[in-house]
Amino acid sequence: MELNLSERVGSLLQAVFLLILPWVVLIIGLVFTFDNVWFYLLCITWLGCGLVFFSTLN
């Protein structure tokens, strides 16, 4: 199944899922003092991969 989205909407969704959402999850973890180091490591990895994929796709 394939979604046919306009280029602007597709770019906005990519930015949200790859760049903004990792920051939101990381900030939520900092606010609620989540004490698991793997949580922060995965958030930072997600952000790094998101930067690479976002720059590659655009």
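Shown above is the structure to which this text applies.
This structure is a prediction, so every number in the text was calculated from the model and none was measured. (Residues numbered from 1 in each chain as written. Predicted model: local features only at pLDDT ≥ 70, side-chain atom pairs only at ≥ 80, totals over all residues. Heavy atoms only, no water.)

Give me the lowdown on helix α1 (residues 7-31), citing residues and values where you can.
With 25 residues, α1 extends 35 Å from end C-alpha to end C-alpha; this agrees with the ideal 36 Å at 1.5 Å per step. Taken as a whole, α1 carries its principal kink of about 40° at Ile-20; the proline Pro-22 stands between one and four residues after it. Taken together, the buried positions of α1 are Ala-15, Leu-18, Leu-19, Pro-22, Leu-26 and Gly-29. Each element contacted by the buried residues of α1 is listed here: α2 (37-57). Of the residues trailing α1, Thr-33 is marked for its positive phi of about 45°. (Helix = DSSP H or I, 4+ residues; strand = E, 2+ residues; numbered from the N terminus. Expected span 1.5 Å × (residues − 1). Bend = angle between axes of the 7 residues up to and from the residue. Buried < 20%, exposed > 50% of the residue type's maximum accessible area, 1.4 Å probe, protein only. Contact = heavy atoms within 4.5 Å.)

Explain the state of the cysteines to me, and be specific about the residues and the numbers.
Taken as a whole and judged by the stated rule, the model has zero disulfides. A disulfide-free cysteine, Cys-49 has its sulfur positioned 12 Å from the sulfur of Cys-43, the nearest such atom. (Disulfide = S-S within 2.5 Å.)

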